[in-house]
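Residue-level structural notes
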Amino acid sequence: MNREFLTINDVYKGFGEGDNRVEILKGVNLNLTNGEFVMMLGPSGSGKSTILHLIAGLTPVDRGQIEVCGVNVQKCSTNKILELRRRTIGYVFQDFRLLQGLTALENVMVPLYAVGRSRSVAKKRAEELLELMELSHRMHHSPRKLSGGEQQRVGIARALANEPKIILADEPTGNLDQRLSDGIIKMLSTLPQKMEVSILMVTHNQQLTKYATRIVGLTDGQIEVQSNV
Amino acid sequence: MSNLAFKMALRDWKKIILIAIVLAFAGSMFIYYNTVMFEMRHFSPNNINMEESDAEKFRDMKVPTTKSEMLVAAMTMLIVLAAVLFQLNMLVVDMINKKKEYYALQVIGVSEEQVELFPLLYSILAGALASLIIAAVWIPIFPYFKSALNIHAISLGLIILVIILFFVMSTIIGVKAREITDYMQ
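In short, a report on the structure. This is a predicted model, so every value here is computed, not measured.

Definitions and cut-offs
Residues numbered from 1 in each chain as written. Chains lettered and ligands numbered in written order. Predicted model: local features only at pLDDT ≥ 70, side-chain atom pairs only at ≥ 80, totals over all residues. Heavy atoms only, no water. Helix = DSSP H or I, 4+ residues; strand = E, 2+ residues; numbered from the N terminus. Buried < 20%, exposed > 50% of the residue type's maximum accessible area, 1.4 Å probe, protein only. Contact = heavy atoms within 4.5 Å. Areas by Shrake-Rupley, 256 points an atom, 1.4 Å probe, with all protein chains shown as cover. Axes fitted to C-alpha atoms, helices over the stretch in contact; angles between N-to-C directions. Parallel < 35°, antiparallel > 145°, perpendicular 65-115°, else oblique. Left-handed = near helix turned anticlockwise from the far one by under 90°. Nonpolar A, V, L, I, M, F, W, Y, C, P; charged D, E, K, R; others polar. Buried area = accessible area lost by both parts, 1.4 Å probe. Salt bridge = Lys/Arg side-chain N within 4 Å of Asp/Glu carboxyl O. Polar contact = N/O pair within 3.5 Å; in protein donor to acceptor, adjacent residues only side chain to side chain. Phe/Tyr/Trp six-rings, centres within 6.5 Å; stacked < 30°, edge-to-face > 60°. Lys NZ or Arg CZ within 6 Å of the ring centre and 35° of its normal. Core = buried A, V, L, I, M, F, W, Y, C linked by side-chain atoms within 4.5 Å. Pairing = 2+ DSSP bridges. Patch = residues over 30% accessible without salt bridge, like charges linked within 9 Å, V, L, I, M, F, W, Y side chains within 5 Å.

Some remarks on the overall build of chain A
Looking only at helices and strands, one finds six helices and ten strands in chain A. Across the 229 residues of chain A, 56% fall into the buried class. In chain A, once contacts between residues fewer than 6 apart in sequence are set aside, the share between residues at least 24 apart is 71%.

Next comes the structure, spelled out in structure tokens:
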């Protein structure tokens, strides 16, 4: 049965004030059901990353409503949003953003510590995830000793640590070449089957769309194209 | 989380040692000059606090004037201040460099208080190491220092004060570094 993990309903967002105000999103509607791998395409500055920030509660919407697993993000307290980001949402960054002073294993343990897991439980889970990412031989390496593709796989393992329902991936292949990008997206595309997770990924790389279950286009602040692959 | 923050801070040991050495050097200057000044001021031949045994010690010594006392005290204070600013600068630069990483931690659900543990432990470790260096150098040599300069035991308080001061200041700097970084940016 398809369950809706994410509902974006008529969302508006702009930045700046007065004459300098720029409307980025102008009535965006989107939903995400379990097991989906949705890719959002659009030119730079079209508001793709802004949508991810709004979903994660990092910035408030001007108008409209966003629901993540039945929770209205706008009505959440700071603590509730934090809890949502810890347990329901996993975030993958374009530039990986791993703590360079920690090993790959420790980086994956960070979100597990944030929800109060003990050291042994966190370590076991982090090891499992790094094995899933085929990085068991690189667990104790610092991120600066890993390649871009490996760092991104650690970033994905970190995002999966607390078994989230939604993965938000913000141009996860933006810093990688085409071969590595294919590898990362291929691996991401297997996650909805392996785990009960949906993925919303923003990208401007059209060559990656073959791995998505649905493609949406964002142009001029609105979702214009929706196609099932 | 504190365990990870501690590990991460320890792996930056070169910076921690550098900060600790600068702090310990400034602290030692402060201790040395202020001990001498204190002794000269309070146990000089012109002072009624002088004991019988002190008379010999200060026979040919010129008692510092108020101006020179102030100058020495101000200079040592400036050296300590410069060292503390150096520590603050190192911490702020480190936070600016890691700003994206710390922001990412908040995005993945790590609370602001837990994120602040990372720079805080770095600062505390540097302060603790500086305190340890001062304690390790000054407390064992204090009896020799005391007899070499013929100073009184009361100056030991100054050493302990500086040790505590550095530890407390490092903690405050660690806590405030984030606000300072935000303000600077």
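Remarks on the overall build of chain B
When helices and strands are counted, chain B shows seven helices and zero strands. Starting at the N terminus, the α and β elements of chain B follow one another as α-α-α-α-α-α-α. Contacts spanning at least 24 positions in sequence make up 80% of the contacts within chain B whose residues lie at least 6 apart. Taken as a whole, chain B presents about 10,000 Å² of accessible surface, with 70% of it coming from carbon and sulfur.

Section: the side chain of A:T173
Summarising the element assignment, A:T173 is placed in the loop between β7 (166-170) and α6 (178-194). Those residues in contact with A:T173 that lie beyond four places of it in its chain are A:S181, A:I184, A:I185 and A:L208.

A word on the packing of helix α4 (residues 119-132) of chain A against helix α5 (residues 148-160) of chain A
Relative orientation and spacing of two packed helices are given, respectively, by the angle between their axes and the distance between those axes. All names here are of chain A. Viewed as axis vectors pointing N to C, α4 and α5 meet at an angle of 135°, and their least axial separation amounts to 9 Å. Of the possible angle classes, the one that applies to α4 and α5 is oblique. You can see that α4 and α5 cross each other, and the crossing is right-handed. Across the interface between the two elements, R125, L129 and L130 from α4 touch V154, A157 and L160 from α5. Residues that form the contact of α4 with α5 fall into these classes: five nonpolar, no polar and one charged.

Considering the interface of chain A and chain B
Chain A puts 21 residues into the contact, and the matching count from chain B is 20 residues. For the pair chain A and chain B, the summed buried surface comes to about 2,000 Å²; carbon and sulfur atoms form 64% of the total. Broken down residue by residue, the surface that chain A buries against chain B is led by A:R97, A:L99 and A:Y113, which jointly contribute 28%. One salt bridge connects A:E106 with B:R11, and the closest N-O pair in it is separated by 2.7 Å. Put simply, chain A and chain B have nine residue pairs in polar contact (both at pLDDT 80 or more) between them. Here the element with the most residues in the side of chain A that touches chain B is helix α3 (residues 104-114) of chain A; it accounts for five residues.

Describing the packing of α5(A) against α6(A)
Residue and element names in this part refer to chain A. Two elements in contact, α5 and α6, have axes separated by 10 Å at closest approach and are oriented at 20°. Classified by the angle their axes make, α5 and α6 are roughly parallel. Taken as a pair, α5 and α6 cross one another with a handedness that is right-handed. Every residue of α6 that contacts α5 at G149, Q152, R153, I156 and L160 is listed here: L180, I184, M187, L188 and L191.

So, the environment of A:T209
All names here are of chain A. Along the chain, T209 turns up in the loop between β8 (198-203) and β9 (214-219). Taking relative accessible area as the criterion, T209 reaches 16% and is therefore assigned buried. When the C-alpha atoms of T209 and M39 are compared, they prove to be 6.8 Å apart, with 170 residues separating the residues in sequence. Among the polar contacts made by the side chain of T209, one reaches the main-chain carbonyl oxygen of Q206 at a distance of 2.8 Å.

Quick word on the packing of aromatic side chains
Residue and element names in this part refer to chain A. Taken as a whole, this structure holds two aromatic pairs over all chains when the rule is applied. Judged by centre distance (4.9 Å) and plane angle (40°), the ring pair of Y91 and F93 falls under tilted. Sitting over the face of the ring of Y12, R63 holds its NZ or CZ atom 4.1 Å from the ring centroid.

Remarks on the nonpolar core
In terms of nonpolar packing, the biggest core is built from 122 residues, with A:I55, A:I66 and A:L200 touching the most fellow members. A total of ten residues in this core trace back to one element, the largest contributor, which is helix α6 (residues 112-149) of chain B. Once you skip the residues sitting within four places of it in the chain, A:L200 turns out to touch A:L6, A:L30, A:L32, A:V38, A:M40, A:L52, A:I55, A:I167, A:L168 and A:A169.

So, the pairing of strand β4 (residues 63-68) of chain A
A regular strand places its side chains on the two faces of the sheet in alternate fashion. Residue and element names in this part refer to chain A. Judged from the five bridges that link them, strand β1 (residues 4-15) and β4 form a sheet pairing that is antiparallel. Across the sheet, residue L6 finds its bridge partner in β4, namely V68. Two elements, β4 and strand β5 (residues 71-72), share two bridges in a ladder whose sense is antiparallel. What sits directly across from E67, in β5, is N72. Where β4 hands over to β5, the hairpin turn is made up of two residues, of which C69 adopts a positive phi near 50°.

Some details on a nonpolar patch on the surface
Residue and element names in this part refer to chain B. Residues I139, L156, I160, I164, V168 and I172 make up a contiguous nonpolar surface patch of roughly 480 Å² in combined accessible area. Among the elements that make up the nonpolar patch, the one with the highest residue count is helix α7 (residues 156-184) (five residues). Relative to the helices and strands, V168 resides in helix α7.

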